[in-house]
2 protein chains.
Amino acid sequence: MSPRIGLDLRAILQAATELADQQGYKEVSLASLAQKLKVRSPSLYNHVNGLTGLRRALALHGLSQLTSDLTSSAVGRSGDEAIRAMSLAYVAYARRHPGLYEATLQAPAEGDAEHKQASQVTLGLISRVLDAYQLSDEMKLHAIRSFRSLLHGFASLEQQGAFKLPLDLDVTLQVLIDTYLAGIVRLQSMPANTEGTQGEVLKHAQQPEED
Amino acid sequence: MSPRIGLDLRAILQAATELADQQGYKEVSLASLAQKLKVRSPSLYNHVNGLTGLRRALALHGLSQLTSDLTSSAVGRSGDEAIRAMSLAYVAYARRHPGLYEATLQAPAEGDAEHKQASQVTLGLISRVLDAYQLSDEMKLHAIRSFRSLLHGFASLEQQGAFKLPLDLDVTLQVLIDTYLAGIVRLQSMPANTEGTQGEVLKHAQQPEED
DNA sequence: TTGTTAAAACTAATGGTATTAGTTATATTA
DNA sequence: TAATATAACTAATACCATTAGTTTTAACAA
């Protein structure tokens, strides 16, 4: 019940990943991918739902790898040490897989539960690491958002070549993380916002989404 | 010596800006722009150097507006107050002009001095505001990079709709900035890195680029 | 007023892209 | 060995950017 077995999703994903990481995410088209695979572009539709589906597949693949790297970096560590390790792992991944990292930034389509789920595995990971700091629920969420902003901002600007002077970027990252860690301690003394509108929000969230 | 005066760069830029901010940056094409202007797309080539030139024009326009907003927010303030005001202005601009903000992220083409110059006006602004903190040259550069990472990361994730829970984003931004400000103070006690390789770099930079 | 001219806007054509419909070919299974 | 499901194909359509070459028109000179 199966004709030629030249292609499968695995081979497609590998070729697309190479294309993205070597030529840039924007260079990934069905045409360029088909050429690389020595196949006509309509053939790809048997394995992937068009360009949109290919990009989604790349995003899922990248998220899976990134989550795996982050998890590995955090196991056996806690507190500051875990935060540091995860930060380095995050930036290292973006450097090693620039195209795939860019793919992971694509927001999930409305109603794409699997993609949303994949995005949120990372959030859960960060959340658990932050448990060590005993923050109020609200402050913890701010801390998570801040951590993501930091990492994404740094990785993204670095990838765009926005930092041009030959001053060690790893040192900048260290400074950034140290600053963040020093700031988290400050948050511990801050109570939840009790002014009403936002306070109860976290408990009553409709879906199990994290943020 | 001039034929029809229906179009000029100003009108094109305004239409493209509306398109970018309302429909999204990715929706800006010569075709969609021409349609909006009730003109055939080849006509645009009389005013703009193709799609690439249009995107460059949008980037310059956005950078100019953003710089203007940041400058206004910083005048009459210094230190923490200036940093806070600039942060709010930055995020407010990204919210008000999502498409144009995305356009400003496009890295300048190699050899495009005007575009590079426009990018670096912002850096100079941040640099002057940070003068108040008396950091070593090296630490100041790390502080600038960190500040940009924070702001860009937050604005970018917010724009992508990455923060879904209904917890006030402005509060998150406050936390983020407060954390940063607390961290800068720590940097004041840190000397320049004297281990050799990076120390002298800033003085010997070939070009007057900032970073 | 009228003719010249420079440049804006046009039409036509080319080549690249994604996508759909319908056909061919082949590996598996009965 | 024959039937079948499906991968990969060809052909066609539509949209995009871009270039070449033509038409039109506003401004200036006579």
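Since the structure is predicted, the reported quantities are computational estimates derived from the model, not experimental observations.

> Explain the relation of the copies chain B and chain A to me, and be specific about the residues and the numbers.
Least-squares fitting of chain B to chain A yields an RMSD of 0.0 Å, with the superposition described by an axial translation of 0.0 Å and a rotation of 180°. Look at the turn and shift together and you get a two-fold axis relating the two. Minimal C-alpha separation from the rotation axis in chain B is found for Gly153(B), amounting to 1.8 Å. Mapped onto chain A, 100% of the interface residues of chain B again fall at the interface, so both copies present the same surface.

> Summarise the UniProt feature "DNA-binding region" (unreviewed entry) in chain A; cite the residues concerned and give the values.
In the numbering used here, UniProt assigns the "DNA-binding region" (unreviewed entry) feature to residues 29-48 of chain A. Taken end to end, residues 29-48 of chain A is 35% helix and 0% strand, and its first and last C-alpha atoms sit 12 Å apart.

> Could you give an account of the interface of chain B and chain A, naming the residues involved and the relevant values?
The partner chain A presents 44 residues to the 44 residues of chain B that form the contact. Across the chain B/chain A interface, buried area totals approximately 4,200 Å², and carbon plus sulfur atoms make up 66% of it. If you sort the residues of chain B by the area they bury against chain A, Arg145(B), Leu165(B) and Leu167(B) come out on top, with a joint share of 17%. In this structure, the connection of chain B to chain A is made through zero salt bridges. Taken together, the connections running from chain B to chain A amount to 13 residue pairs in polar contact (both at pLDDT 80 or more). Elements represented by at least two residues in the side of chain B that touches chain A include exactly α7 (137-159) and α8 (169-188) of chain B.

> Quick rundown of the packing of aromatic side chains? Include the residues and the values.
Residues and elements named next belong to chain A. For the structure shown, the criterion picks out six aromatic pairs over all chains. With a centroid separation of 5.7 Å and an interplanar angle of 85°, the aromatic rings of Tyr90 and Tyr101 are classed as edge-to-face. Remark: Tyr101 occurs in helix α5 (residues 98-104) and Tyr90 occurs in helix α4 (residues 79-96); sequence separation between them is eleven residues. For Tyr101, a relative accessible area of 1% gives the class buried.

> Run through the side chain of Thr179(B), naming residues and quoting values.
Tracing the chain through its elements places Thr179(B) in helix α8. Residue Thr179(B) is classed as buried on the basis of its relative accessible area of 8%. Separated by 2.7 Å, the side chain of Thr179(B) and the backbone oxygen of Val175(B) make a polar contact. Discounting chain neighbours no more than four positions away, the residues touching Thr179(B) are Thr179(A), Tyr180(A), Gly183(A) and Arg186(A).

> Outline the pattern of salt bridges, listing residues and values.
Residue and element names in this part refer to chain A. Enumeration according to the criterion identifies 24 salt bridges over all chains in this entry. For Glu114, the salt bridge identified is with Arg56, shortest N-O distance 3.0 Å. Separated by 58 residues along the polypeptide, Glu114 in helix α6 (residues 113-130) and Arg56 in helix α3 (residues 50-74) bring together distant segments of the chain. Through salt bridges with shared partners, one network takes in Arg56, Asp112 and Glu114.

> Any chance you could break down the domain arrangement of chain A for me, citing the residues and the numbers?
Residues and elements named next belong to chain A. Under the domain assignment used here, chain A contains domain 1 (1-48) and domain 2 (62-205). On the domain 2 side, the residues contacting the four residues of domain 1 number eight residues. Here domain 1 and domain 2 share an interface that buries about 520 Å² over both sides, 55% of which is from carbon and sulfur atoms. In terms of surface lost to domain 2, no three residues of domain 1 exceed Thr17, Asp21 and Tyr25, which account for 86% of the buried area on that side. Here domain 1 is connected to domain 2 by three residue pairs in polar contact (both at pLDDT 80 or more). A breakdown of the residues in the side of domain 1 that touches domain 2 according to their chemical character gives two nonpolar, one polar and one charged.

> So, the environment of Ser41(B): which residues are in play, and what are the values?
All names here are of chain B. Along the polypeptide, Ser41 turns up in the loop between α2 (30-36) and α3 (50-74). The sequence separation of Ser41 and Arg128 amounts to 87 residues, and the corresponding C-alpha distance is 44 Å. The contact partners of Ser41, leaving out residues within four places of it in the chain, are Leu30, Ala31 and Ala34.

> Kindly report on the environment of Ala118(A), identifying the contributing residues and their values.
All names here are of chain A. Here Ala118 lies in helix α6. Placed 53 residues apart in sequence, Ala118 and Val171 show a C-alpha to C-alpha distance of 31 Å. Leave out the neighbours within four places in its chain, and Ala118 touches Leu60, Leu63 and Thr67.

> Now, about unusual backbone geometry: what can you tell me, with residues and values included?
Residue and element names in this part refer to chain A. For Lys38, which is not glycine, the phi torsion reads 55° and is therefore positive. On the secondary structure map, Lys38 appears in the loop between α2 (30-36) and α3. What makes Lys38 exposed here is its relative accessible area of 76%. For Gln134, which is not glycine, the phi torsion reads 55° and is therefore positive. Structurally, Gln134 is set in the loop between α6 and α7 (137-159). Assessed through its relative accessible area of 67%, Gln134 is described here as exposed.

Scoring rules and cut-offs
Residues numbered from 1 in each chain as written. Chains lettered and ligands numbered in written order. Predicted model: local features only at pLDDT ≥ 70, side-chain atom pairs only at ≥ 80, totals over all residues. Heavy atoms only, no water. Least-squares fit on C-alpha atoms with pLDDT ≥ 70 in both. Contact = heavy atoms within 4.5 Å. UniProt positions renumbered as here; feature names shortened; annotations may be inferred. Helix = DSSP H or I, 4+ residues; strand = E, 2+ residues; numbered from the N terminus. Buried area = accessible area lost by both parts, 1.4 Å probe. Salt bridge = Lys/Arg side-chain N within 4 Å of Asp/Glu carboxyl O. Polar contact = N/O pair within 3.5 Å; in protein donor to acceptor, adjacent residues only side chain to side chain. Phe/Tyr/Trp six-rings, centres within 6.5 Å; stacked < 30°, edge-to-face > 60°. Buried < 20%, exposed > 50% of the residue type's maximum accessible area, 1.4 Å probe, protein only. Domains from an automatic or database assignment. Nonpolar A, V, L, I, M, F, W, Y, C, P; charged D, E, K, R; others polar.

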